[in-house]
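If you want the building blocks of each chain, they are given just below.
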Amino acid sequence: MQEVINAQGHEHVSAEHASTFEVTTDDYLTPAGDCILAINADRAPADFDPDFIDACQDADATITVTIEADGHTETVTGRGDPALEYTNDRSAVGRTSEYVDDRTIMVDAEFAAEGFDRDLVEALAAGADVTVTFRVE
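Per an unreviewed UniProt entry, the chain goes by the name DUF371 family protein and belongs to Natrialba magadii.

Here's what the structure looks like:
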């Protein structure tokens, strides 16, 4: 199963956060948002199909997030958790920790914003169109 979000990069994308990465529906980004990879997302976790959400709430589920922009692609893998809500209507956050709130879309991610390919980050900072694909197995 998969869900797709279309978004865009922004000049303030720095991808320097050590424990999270985020995609937001907000139409702005300040330099302090060092975990945010894309803005203006056309969907949020609250819009995802209930069957997709159910699958993500399995502690044994593998969740992958693939971010594509301007010919660059990066995939990060994490896992599901029974506490995942997918109820936030603004932000999707991947976490390297096991912390869960209404924005969390995966836990135990293999890396956070700082681990994303720098060529991809450069494309995001140039404002490229972004496709974010969420898969659960």
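Text resumes after the structure shown.
**Concerning unusual backbone geometry**
Although it is not a glycine, N40 adopts a positive phi angle of roughly 55 degrees. Its place among the elements puts N40 in the loop between β3 (36-38) and α1 (50-56).

**Observations concerning the nonpolar core**
Residues F21, V65, Y86, F116 and F134 are the most contacted members of the largest nonpolar core, which totals 41 residues. Mapped onto this core, the elements with two or more residues apiece are β1 (2-8), β2 (20-24), β3, α1, β4 (62-69), β7 (104-106), α2 (118-125) and β8 (129-136).

**Section: the packing of aromatic side chains**
For the coordinates displayed, the defined rule picks out 6 aromatic pairs. On the basis of an interplanar angle of 80 degrees and a centroid distance of 6.2 Å, the ring pair of F52 and Y86 is categorised as edge-to-face. Taken together, the positions of F52 in helix α1 and Y86 in the loop between β5 (72-79) and β6 (91-95) put the pair 34 residues apart, joining distant regions of the chain. Of the residues examined, Y86 reaches a relative accessible area of 2% and is grouped as buried. Connected via pairs of aromatic rings, a cluster forms that spans F48, F52, Y86 and F134.

Rules behind the numbers
- Residues numbered from 1 in each chain as written.
- Predicted model: local features only at pLDDT ≥ 70, side-chain atom pairs only at ≥ 80, totals over all residues.
- Heavy atoms only, no water.
- Helix = DSSP H or I, 4+ residues; strand = E, 2+ residues; numbered from the N terminus.
- Core = buried A, V, L, I, M, F, W, Y, C linked by side-chain atoms within 4.5 Å.
- Buried < 20%, exposed > 50% of the residue type's maximum accessible area, 1.4 Å probe, protein only.
- Phe/Tyr/Trp six-rings, centres within 6.5 Å; stacked < 30°, edge-to-face > 60°.

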